[in-house]
Structure formats: C-alpha cells, structure tokens
Amino acid sequence: MKILLADDDVISRKLLQRTLERSGFEVVCVDDGASACQYLLAADGPRMGILDWVMPGKDGPSVCQEVRSHANHPYIYLILLTSREASQDIVMGLEAGADDYLVKPCNPEEMKARVRAGQRVLRLQDKLLHEASHDALTGLPNRSFFARRLSESVSKSKLRKDYRFAVLFIDIDRFKMINDSLGHPTGDELMKGVAQRLLTAVRTENRVRRGAIPCSAGEDSADVIARIGGDEFVILLDNIVDMQDGITIAQTIESALEPPFHIGQHEVSVTASIGISTNEEDAKDAAEILRRADAAMYKAKALGKARYEVSSPENSAAPAHLFKLGPDLRGAIENNQLELQYQPIVSLSDCRIVSFEALVRWNHPVHGLIGPADFISIAEETGLILPLGAWVLREACRQMHEWNSSFPSKEPIPISVNISPRQFEHGDLVASLKDVLQQTGFEARNLELELTEILPMKDADHAIEVLHDLTGLGVSLSLDDFGTGYSSLNYLSRFPVRAIKIDHSFIAEIEHNQKNSEIVQMIISLGHNLGMKVIAEGIENAAQMELLREFGCDLGQGFLFSHSIHAKMVPAMLMAGHRGESLVPDSSGYEQSPSLT
Amino acid sequence: MHTDDITHDAAIDITELLAHVEYDRELLRDLLEVFAEEFPRLQFVLKDALMRQDLVLVQTTAHTLKGMLASLSFTTATASAKSIERMAILGTLDGISEELERLESHVAVAQKKLLVVCSEVVQ
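Quick caveat: nothing in here was measured; it's all calculated off a predicted structure. (Residues numbered from 1 in each chain as written. Chains lettered and ligands numbered in written order. Predicted model: local features only at pLDDT ≥ 70, side-chain atom pairs only at ≥ 80, totals over all residues. Heavy atoms only, no water.)

Participant: Tell me about the overall build of chain B, and name the residues and values.
Facilitator: Scanning chain B from terminus to terminus reveals six helices and zero strands. Start at the N end of chain B and walk to the C end: the helices and strands fall as α-α-α-α-α-α. Across the 123 residues of chain B, 47% fall into the buried class. Here the analysis covers contacts within chain B between residues at least 6 apart in sequence; of these, 65% occur between residues at least 24 apart. For chain B, the accessible surface area stands at approximately 6100 Å², while carbon and sulfur atoms represent 54% of it. (Helix = DSSP H or I, 4+ residues; strand = E, 2+ residues; numbered from the N terminus. Buried < 20%, exposed > 50% of the residue type's maximum accessible area, 1.4 Å probe, protein only. Contact = heavy atoms within 4.5 Å. Areas by Shrake-Rupley, 256 points an atom, 1.4 Å probe, with all protein chains shown as cover.)

Quick look at the structure:
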C-alpha cells in the first residue's frame with residue numbers, strides 16, 4: 001500500500017519513512033500541505049496519509065478538510081501528527097476529517113499499530129464498496145455498477161463523436177425451468193458457471209476491433225460484464241468500431257455456452273438470447289441504450305431463443321409495452337379481454353380430429369391479439385396465473401360441453417387444458433376442478449390436463465399424490481413439452497399420465513436432423529413402453545408427419561393440420577369430423593386464424 | 001564514556017532514541033548528519049526572525065526545532081525550543097535570546113554524547 005507522509009521536519013520524516021518502509025509500505029514524502037493535497041487527490045494516489053499538524057502553507061487539518069471535500073474521491077485514511085496533546089486540538093483535527101492521530105515523537109510500534117488499524121478500516125470499506133457494486137453469487141459487477149459505467153460511456157460519446165460502444169443484454173433461456181426442476185442451488189451454480197464463461201468469452205476475444213480512442217491516464221476502459229437479474233447479464237463493450245464487434249462477441253458467447261455444464265450429478269445445457277445495441281443509434285441516455293438492448297433480446301426470445309438480435313427501431317418498443325402489460329393483465333379477465341382458441345389434435349394414422357387443445361389469447365384493446373408467450377410469464381410472476389388459469393379451465397370446459405351437446409357424436413370430443421406450475425402448487429386445484437366440472441356439466445373423462453414436465457418433478461412424492469387425486473376425478477393427464485426438462489424415468493413410470501407430448505423443438509427439422517430423429521424415436525418408444533400415448537407437437541409438413549407415422553407416433557398437432565382457430569370456426573371443423581372427413585394436409589378447407597401458436 | 005553512562009543523561013534520552021530508530025544505528029548516523037545540516041539553518045532563521053522581531057516566524061521555527069529535537073530525544077533542548085515557541089505565542093521577545101543560547105548549549109552536549117554512541121557502535 002502507498003502512504004503519503006507530509007512533514008516539514010526532515011528528521012521526523014526520515015524516522016517515520018524508515019519505520020513505514022520497514023513494514024513494507026511504499027512511502028511518498030512531501031514537506032508541505034499543498035503538495036500533500038495534490039498527491040492525495042491524484043488518480044491512483046495513496047490510500048493513506050500521515051500529515052504533520054504544522055506545515056508551511058497549509059496545515060494538516062486544512063489538508064484533511066480539503067481531502068474530505070472531494071466526496072467522490074476514493075476514501076483516504078488520514079492520520080494527523082501532533083505534538084500538541086490538548087484534547088481540543090485532537091477534537092479539532094478529527095472534526096476536520098482525520099481518522100486518527102499520533103503524538104510526535106512517534107513510538108514506532110504505536111505508529112505501525114495505528115497504520116494497521118487504518119488498513120483494516122480501508123479493507124472493510126473496500127469490501128463494503130465491492131459488495132454494494134457486485135453480485136454476491138457470481139462476483140460480477142451488479143446493475144448499479146453497470147449503470148454507472150454505461151453513463152460514463154454515454155458522457156464520453158457526447159464528447160468524442162468517434163467513440164463507439166455496444167451493450168449486450170443476455171438472458172439465459174429456460175432458466176426458470178432449470179431452477180424449478182433441479183433446484184435453486186443447482187441454478188446458482190449454473191449462474192456462476194455462465195458468469196465464468198462470459199468472462200472468458202469476452203476476455204479472450206481478440207477479434208473485436210477496438211476504436212481509435214486512446215485511454216487517458218488512470219481511465220479504465222475495459223469491458224464490463226455485469227449480472228443484473230436472476231438470469232440476466234449485460235456486457236458493455238468499450239471503444240469498438242461498430243455493431244459488428246457486438247455481433248462477434250454475441251457469437252462467441254453462444255459458442256462458449258454450448259458445452260454442457262456439469263453441476264453435481266447433473267449435466268445442464270443452456271442457451272442464451274442476446275440483444276445488442278450501440279450508441280450509433282443516437283440514444284438519449286444510458287437507460288435508452290440498455291432498453292434497446294433489452295428490446296432486441298426480447299425479439300431474440302420471440303424468434304425462438306438461442307440467438308442474438310441487434311437493436312432496431314421496430315423492436316425497440318417491445319419491452320416497454322410488455323412491461324406495461326402487467327397492470328393491464330389484472331383487468332383483462334374482468335373486462336372479458338381473454339379468449340380461447342382451439343387447435344385440433346389428430347390421429348396420425350388417418351388425420352382425423354381426436355381432441356382439441358385450448359390456447360389462451362389476450363385481445364388487448366391497444367396492442368391487439370397477444371400470444372401467451374408475451375403474457376403468461378408476467379401472469380406467473382404477478383400471481384395472476386391463478387385467476388387466469390381458473391378462467392381458462394372453466395371456459396374450456398363450458399365451451400366444449402356446449403359443442404359436444406350441440407354437435408353430438410358417438411364419442412364426445414375431449415379438450416386439453418394447460419395447467420401452470422403455480423396452479424399445481426397452489427393446493428386447491430383438485431377442489432376447484434371439481435367445482436368447474438360440476439358447474440359446467442362437462443364430463444371429467446373428456447378433460448385432459450397438460451402439465452409441464454418440470455412440474456411434477458419438483459416434489460415428486462407430493463406431485464404423485466396430487467396427480468392421483470386428479471385422475472381420481474376422472475380426468476386424464478399428459479406431460480407437455482416432453483424432452484426439454486429433466487424428468488427422472490423412475491418418477492415418470494410412477495405418474496398416472498395418459499400421454500406425453502414431444503416438444504416441437506424436436507420435431508422441427510426432424511426430417512433433416514438425425515439426432516432429433518433418434519431422440520423422437522426414443523421418446524415414442526419410452527412412452528409406449530410406459531403404456532402412454534405419444535403426441536408430437538409442431539408438425540409443419542408432410543415429411544415430418546410421414547416420419548412420425550413411421551416411428552409409430554400416435555397423435556399430432558401443428559400447422560400442417562391447423563393453426564389454433566377461433567371458437568366460432570370450431571363447429572364447422574367438428575361437423576366435418578363427424579362426417580368422417582380428415583384434416584388432410586394442404587387441403588383442410590378451414591379458415592385459419594393468424595399464426596399465433 | 002560508555003553508552004550505559006549516558007543513557008540517563010538529561011541532555012539526551014538514548015534509550016528512547018534507540019527505540020525510535022528501532023536500534024538501527026545506520027539510521028541514527030543518517031539522522032545526525034541531517035541534523036548537522038538542518039540545525040544551523042534553523043538556528044540562522046530563528047536568529048534572523050528575532051532580529052526582525054518576526055514573532056510568527058520565531059514561533060513556527062521554534063515549533064519545527066522542537067519536533068526535530070524531540071525526534072532525536074534531545075530532552076533539554078526540546079524543552080528550550082518549547083519555551084521559545086510559548087514565549088513567541090505570548091508575544092514576548094524578552095528572554096528568547098537567552099533561551100536560544102541555552103538551547104544551543106543543550107544541543108552541543110547532546111550531539112557530543114550522541115556522536116560517542118555512534119562511534120562506539122562503529123568500533
């Protein structure tokens with residue numbers, strides 16, 4: 001540590017200097033108060049000052065006062081040297097800003113002890129400052145640190161027109177699901193691992209072209225990586241040439257995250273959605289630049305995750321509107337803004353409708369029809385998922401009962417309804433379901449509840465109990481998005497589940513992707529061996545359907561057969577089904593709604 | 001004269017001084033050399049200030065001298081410097097010249113004794 005020693009008495013100064021140097025300190029000596037101020041307030045100056053009380057020009061207490069008047073300067077521990085032992089002098093010195101005092105001539109041991117005490121204070125202060133500006137889990141800078149550095153970059157860009165920087169907003173895809181299924185300790189370890197990979201990705205990235213702005217003395221122009229939320233990281237790329245450098249880093253990060261993380265006994269794979277903005281877009285302030293990166297990240301999520309998007313005027317408004325949805329969502333149920341759409345589930349052997357899946361949409365008075373991807377997570381975060389889920393369940397049962405009564409056939413058509421983890425955990429799902437069935441008159445055997453794969457795994461024993469209570473009412477259960485979670489096969493065999501739904505991500509490209517094809521075959525085989533039906537989601541073309549048929553998959557849904565459709569179109573589809581018509585690909589003949597599924 | 005004979009001499013507290021320099025005799029010799037240069041300079045400043053009746057300069061110079069002498073544990077000389085400083089603070093010039101003479105004589109005794117200590121160490 002560097003210590004400034006200011007004393008005009010050369011004998012005293014030499015004595016103190018030697019004592020401090022023997023203790024391993026770097027000592028800078030001056031013999032007047034003005035020089036002391038200059039050294040202490042310089043960038044990268046000493047962290048501790050030992051100041052003689054009486055000095056030419058400016059005395060020790062005045063130096064203390066001046067140093068303390070620079071509130072933004074890093075804290076300097078100040079010790080006054082005095083031969084005056086009157087208590088009012090000591091009080092005056094401490095009031096001027098000194099932290100401690102030493103009476104001259106100094107006992108070397110006492111001086112060393114007081115300097116060590118000062119070091120402890122500085123270390124504690126450094127620790128507190130670090131904690132206030134860093135994330136405790138990953139050790140990365142936190143949001144406030146990042147905001148400060150971003151503001152500095154914005155200020156710099158206003159002075160230097162050729163200065164460019166980029167902000168990368170990174171959100172780990174499906175982190176909530178990982179946390180829920182593998183537990184928070186695993187999620188925490190994962191975040192630590194992600195932080196390390198981000199650091200490595202940015203630090204070892206030599207392909208970024210740096211701009212022409214030289215760093216001024218004492219100025220830290222290094223890139224900043226911060227964690228600003230549970231699974232949200234931001235990166236400030238300082239002094240770059242243009243957006244391409246941000247893209248290069250985004251690509252490097254995506255590659256860095258590819259190898260799975262080994263956490264305890266788990267092997268966890270993650271991807272990230274990344275939004276990139278730069279100051280090239282003439283943003284007003286730091287918040288605007290961060291918001292634009294956030295908006296681009298949302299776009300990356302909306303386009304299927306595991307990708308990056310650059311900021312553009314089109315996507316820059318997205319998060320603002322999404323954030324505003326929270327309060328609006330509260331009134332959505334009361335104001336009848338929610339509606340259900342229905343997507344047929346067909347038998348893959350003959351493409352005939354066997355059931356429907358109810359899918360909620362929000363008919364927002366300003367933003368129009370909003371898909372569940374844009375509001376279900378908000379509903380989950382705000383707890384609104386409970387009334388929303390209850391409404392969906394009731395409305396789906398009521399509507400399907402009405403259709404089955406109006407368009408009777410040999411076998412009534414069942415309906416599938418998604419149940420969120422919060423509904424499942426809430427405790428009164430069984431009782432409220434009972435009420436819904438009683439009030440709507442809908443037969444339990446025609447209702448299938450779709451649970452996400454992670455949901456029953458969280459507390460498997462309790463889940464099995466609830467699942468049996470549900471099936472005890474007569475409803476069927478299916479596991480949705482199968483293959484994306486972390487199911488234990490042991491538990492899976494104990495769940496009273498009728499069907500598993502293979503996640504659409506495995507079906508996409510199945511005809512070209514051997515790996516996906518093998519996974520799908522394996523899931524179908526697994527499901528059948530456990531006595532379950534297997535439903536493939538997201539079938540988009542005939543080739544996929546043919547392959548799935550070949551693999552023995554029982555049921556399917558997807559754009560190939562029909563998008564989700566408005567309730568008023570369902571009767572026509574039902575009647576066609578009753579007439580024995582199948583949803584033959586490319587000639588369904590039904591009016592289809594915009595592609596919201 | 002052996003070191004033990006002078007450690008409790010009134011002019012200099014050798015025990016205290018050796019503790020201050022942490023028994024570093026080399027440092028002690030360095031300090032003596034610096035003192036040999038600094039003391040005459042301060043002596044001159046003080047006498048000149050007295051001649052010009054500049055009480056503020058008398059006070060600050062006496063204060064600096066006091067600190068320097070105390071650092072070397074020149075006990076009696078420190079007391080004289082302290083008296084001069086106090087007289088200057090009180091605004092009286094009477095007796096300062098006499099006190100300065102006493103200070104010079106105390107310093108001479110202490111310096112001599114300290115030189116003996118240093119030379120014993122060298123031998």
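Resuming the write-up.
Participant: Residue-level account of the overall build of chain A, with values.
Facilitator: Broken down by element type, chain A carries 22 helices and 22 strands. In chain A, of all internal contacts separated by at least 6 residues, the share reaching a separation of at least 24 is 70%. With the model as given, the accessible surface of chain A reaches about 26700 Å², and the carbon-plus-sulfur share is 50%.

Participant: Which residues make up unusual backbone geometry, and what are the values?
Facilitator: All names here are of chain A. Cis geometry marks the peptide bond from K104 to P105; its omega dihedral reads -5°. Its place among the elements puts P105 in the loop between strand 5 (100-103) and helix 5 (108-133). Unusually for a residue other than glycine, R174 sits at a positive phi of about 55°. Here R174 shows up in the loop between strand 6 (166-172) and helix 7 (175-182). The partly exposed category is assigned to R174, whose relative accessible area is 38%.

Participant: Give me the lowdown on the sheet that holds strand 3 (residues 48-52) of chain A, citing residues and values where you can.
Facilitator: Residues and elements named next belong to chain A. Judged by pairing direction, the sheet is parallel, and its five strands sit side by side in the order 2-1-3-4-5 without closing on themselves. Because the sheet does not close on itself, it has two edges, and the strands there are strand 2 (26-30) and strand 5. Neighbour to neighbour, the strand axes of the sheet diverge by 20° on average, direction disregarded. With five bridges joining them, strand 3 and strand 4 (residues 77-82) adopt parallel strand pairing. For I50, the partnering residue across the bridge sits in strand 4 and is I79. Contacting strand 3 and strand 4, helix 3 (residues 60-69) runs over the sheet at an angle of about 170° to strand 4. (Pairing = 2+ DSSP bridges. Axes fitted to C-alpha atoms, helices over the stretch in contact; angles between N-to-C directions.)

Participant: Provide a residue-level description of the interface of chain A and chain B, including the pertinent values.
Facilitator: Accessible area lost on assembly of the parts is the figure often given for the size of an interface. With 18 residues of chain A at the contact, the number on the chain B side is 19 residues. Between chain A and chain B the total buried area reaches about 1700 Å² when both faces are included, carbon and sulfur atoms providing 63% of it. Summed over the three residues of chain A that lose the most area to chain B, namely I11, L15 and P105 of chain A, the buried surface amounts to 33% of that side. Summed over the shared surface of chain A and chain B, the number is five salt bridges. Note that D30 of chain B and R18 of chain A form a salt bridge whose closest N and O atoms lie 3.6 Å from each other. Taken together, the elements giving at least two residues each to the side of chain A that touches chain B come down to helix 1 (10-22) and helix 5 of chain A. In terms of residue count, helix 1 of chain A provides more of the side of chain A that touches chain B than any other element does, eight residues in total. (Buried area = accessible area lost by both parts, 1.4 Å probe. Salt bridge = Lys/Arg side-chain N within 4 Å of Asp/Glu carboxyl O.)

Participant: Help me get a handle on the nonpolar core, residues and values and all.
Facilitator: Ranked by size, the top nonpolar core spans 78 residues in total, and within it F356, I415, L447 and L548 of chain A carry the most contacts. With eight residues, helix 13 (residues 385-406) of chain A is the largest single contributor of residues to this core. Non-local contacts of F356 of chain A, meaning those with residues more than four positions away in its chain, are made with Y342, Q343, P344, I345, M400, I413, P414, I415, S416, V570, M573 and L574 of chain A. In terms of nonpolar packing, the next biggest core, distinct from the first, is built from 40 residues, L17, L31, L46 and V58 of chain B among them. (Core = buried A, V, L, I, M, F, W, Y, C linked by side-chain atoms within 4.5 Å.)

Participant: Can you tell me about helix 1 of chain A, naming the residues and giving the values?
Facilitator: Because the α-helix completes a turn every 3.6 residues, residues three or four places apart line up on one side. All names here are of chain A. Relative to the 18 Å expected for 13 residues at 1.5 Å per residue, helix 1 spans 18 Å between its end C-alpha atoms, a close match to the ideal helical length. All of the buried residues along helix 1 are V10, I11, S12, R13, L15, L16, T19 and L20. Residue D9 occupies the N-cap position of helix 1, its side-chain oxygen lying 3.0 Å from the main-chain nitrogen of I11. Backbone geometry just after helix 1 places G24 at a positive phi near 95°. (Expected span 1.5 Å × (residues − 1). Polar contact = N/O pair within 3.5 Å; in protein donor to acceptor, adjacent residues only side chain to side chain.)

Participant: Provide a residue-level description of the side chain of E357 of chain A, including the pertinent values.
Facilitator: Residue and element names in this part refer to chain A. Following the sequence through the fold, E357 ends up in strand 14 (residues 353-364). Look at E357 and you get buried, because its relative accessible area is 4%. A polar side-chain atom of E357 sits 2.9 Å from a polar atom in the side chain of K501. Reaching out from E357, the side chain makes a polar contact with the side chain of Q557 at a distance of 2.9 Å. Apart from residues no more than four positions distant in its own chain, E357 is found in contact with Q341, Y342, Q343, I345, S416, N418, E450, K501 and Q557.

Participant: Just give me the short version of the pairing of strand 11 (residues 272-278) of chain A, but keep the residues and values in it.
Facilitator: The two faces of a sheet get side chains in turn, since along a regular strand they alternate between them. Residue and element names in this part refer to chain A. Taken across its seven residues, strand 11 has seven buried, putting it largely inside the fold. Relative to strand 11, strand 6 runs antiparallel, the two sharing seven bridges. Among the inter-strand pairings, D171 is bridged to a residue of strand 11, identified as S273. Note: strand 11 against strand 12 (residues 308-310), three bridges, orientation parallel. Paired with I276 across the two strands is V310, which belongs to strand 12.

Participant: Lay out the packing of aromatic side chains with the relevant residues and their values.
Facilitator: Working definition: an aromatic ring pair is given by the centre-to-centre distance plus the angle between the planes. For the structure on display, the rule yields five aromatic pairs over all chains. Relative to F165 of chain A, the ring of Y163 of chain A has its centre 5.7 Å away and its plane inclined at 35°; by these criteria the two rings are tilted. Of the two residues, Y163 of chain A and F165 of chain A, neither departs from the other in class, the shared state being buried. Between the aromatic rings of F35 of chain B and F39 of chain B, the centroid separation amounts to 5.2 Å while the plane-to-plane angle is 20°, which identifies the pairing as stacked. You can see F35 of chain B and its partner F39 of chain B sitting in helix 3 (residues 25-51), four residues apart, about one turn around the helix. Overall, F39 of chain B belongs to the buried group, its relative accessible area being 7%. An aromatic cluster is built from F35, F39 and F74 of chain B, whose rings are joined through pairwise contacts. (Phe/Tyr/Trp six-rings, centres within 6.5 Å; stacked < 30°, edge-to-face > 60°.)

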